[in-house]
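A look at the structure
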Amino acid sequence: MNETAEDRYAGFYARQLSSPTLARIYREVYGDDHPEELRPFGFVTRTDLARMADLLELRPGTLLLDLGCGRGGPGIALARAAGARLLGLDPLGVAVEGARELSVTLGLPGARFAVGGFTGTGLEAGSCDAVLSVDALWMVWNKRAAFAEVARVLRPGGRFVFSTWEPSYVDHARLLAGAGFTVTAKEEAERWLERQLRVYELVCSESAALEAELGPGASVLLEEARDTPASLPSSPRVIMAATKAG
Ligand SMILES: C[S@@+](CC[C@H](N)C(=O)[O-])C[C@H]1O[C@@H](n2cnc3c(N)ncnc32)[C@H](O)[C@@H]1O
């Protein structure tokens, strides 16, 4: 699959912010742990973000690359807290536009966002100090190529921190080692399963309202909520950190 052809979320991003029902579902399931102001599209929590910040060890002025940034909120929050610079890439133009707007709203107007992705960053070798990816890697078919690209753009000793789901047929640690990384952390996200399943349950029971609010963009959400629960327990949501060889 060509990442630039990955457009199934475009309709969702176009209407995401006009769905009070979706916002209410996340509030109900995650309470204060939901970083609503960051407008995430996925399952990231404040707890996850705090852990990712620890693992990234960003310093003021360094460049953080956020791959699969979507509307950009998680990367904006982490870069802003550390005084780092931010570049976010996502294959969807509508998400990149949203990220530009959100970076102004959230007080990081110097952040840059562009269309791109895991296997097409267009960046110079060694140009990034750290790489982040939140809930996006599972969408990338060629993970070997993705990790090779992350290794290419990171400076030696740079950190790569991400959240994703790990089905039994994918061994992220082995793939990372093959790309020249040393894995420094691999842990399940806190209380991920019960909360993700509850979101899906509520999405299914609120499907009519979501369809009305999100229009055609609701379909990816509803399909995911119907199709994913059976396989979810065997695909843990993990947070991983790896360091590029120095
Ligand atoms: C679940 S969303 C997460 C967005 C954002 N990181 C967040 O947490 O709000 C997954 C994102 O991955 C992006 N994506 C899909 N294929 C990709 C690829 N090959 N490289 C980078 N991002 C990709 C999608 O466009 C989507 O914005």
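About the thresholds
Residues numbered from 1 in each chain as written. Predicted model: local features only at pLDDT ≥ 70, side-chain atom pairs only at ≥ 80, totals over all residues. Heavy atoms only, no water. Near = heavy atom within 4 Å. Polar contact = N/O pair within 3.5 Å; in protein donor to acceptor, adjacent residues only side chain to side chain. Nonpolar A, V, L, I, M, F, W, Y, C, P; charged D, E, K, R; others polar. pLDDT = per-residue confidence, 0-100. Contact = heavy atoms within 4.5 Å. UniProt positions renumbered as here; feature names shortened; annotations may be inferred. Helix = DSSP H or I, 4+ residues; strand = E, 2+ residues; numbered from the N terminus. Salt bridge = Lys/Arg side-chain N within 4 Å of Asp/Glu carboxyl O. Buried < 20%, exposed > 50% of the residue type's maximum accessible area, 1.4 Å probe, protein only. Pairing = 2+ DSSP bridges. Axes fitted to C-alpha atoms, helices over the stretch in contact; angles between N-to-C directions. Expected span 1.5 Å × (residues − 1). Arc of directions from axis to C-beta.

Under an unreviewed UniProt entry, the protein has the name Class I SAM-dependent methyltransferase and belongs to Nonomuraea typhae.

Looking at the ligand, there are 20 residues lining it, with Tyr 13, Phe 41, Gly 68, Asp 90 and Val 134 nearest. Contact distances for the ligand include 3.0 Å between a nitrogen atom and a backbone N or O atom of Phe 118. Here the residues of the shell around the ligand sort into 13 nonpolar, 3 polar and 4 charged.

Moving on to the confidence of the model for the protein. Averaged over all residues, the pLDDT of the protein equals 95, while 98% of them reach at least 70. Segment residues 1-5: pLDDT under 50, and 8 contacts once partners within four positions in sequence are set aside and those in other chains are kept.

Those places that UniProt annotates as "domain: Methyltransferase type" (unreviewed entry) correspond, in this numbering, to residues 65-162. The distance from the first to the last C-alpha atom of residues 65-162 is 11 Å, and the span holds 35% helix and 30% strand.

Now for the pattern of salt bridges. In the structure shown here, the tally under the stated rule is 15 salt bridges. Here Glu 36 and Arg 27 are joined by a salt bridge, their closest N and O atoms 2.8 Å apart. One salt bridge in this structure joins Glu 194 and Arg 191, with 3.1 Å as the shortest N-O distance. For Arg 191, a relative accessible area of 48% corresponds to the partly exposed category. A single salt-bridge network, built from bridges that share partners, covers Glu 28, Arg 198 and Glu 201.

Read across the sheet, 7 strands follow the order β3-β2-β1-β4-β5-β7-β6 without closing on themselves; strand pairing throughout is mixed. Either end of the sheet is taken by a strand with one partner, and the two such strands are β3 (112-115) and β6 (181-188). Averaged over all pairs of adjacent strands, the angle between their axes in this sheet comes to 15 degrees, without regard to strand direction. Bridge analysis of β6 against strand β7 (residues 237-244) gives 7 bridges, and the strand direction is antiparallel. Bridge pairing in β7 links Ala 185 to Ala 241.

Let's shift gears to helix α5 (residues 93-105). Compared with an ideal rise of 1.5 Å per residue, which puts 13 residues at 18 Å, α5 spans 19 Å between its outermost C-alpha atoms and is within 8% of the ideal. Taken together, the buried positions of α5 are occupied by Ala 95, Val 96, Gly 98, Ala 99, Leu 102 and Ser 103. Angular distribution of buried residues about the axis of α5 spans 160 degrees; they occupy a single face of the element. Turned more than 90 degrees off the buried face of α5, the exposed positions are Glu 101, Val 104 and Thr 105. Each element contacted by the buried residues of α5 is listed here: α1 (10-15), α4 (73-82), β2 (85-90) and β3. Taken from the residues just after α5, Gly 107 is the one with a positive phi, measuring 85 degrees.

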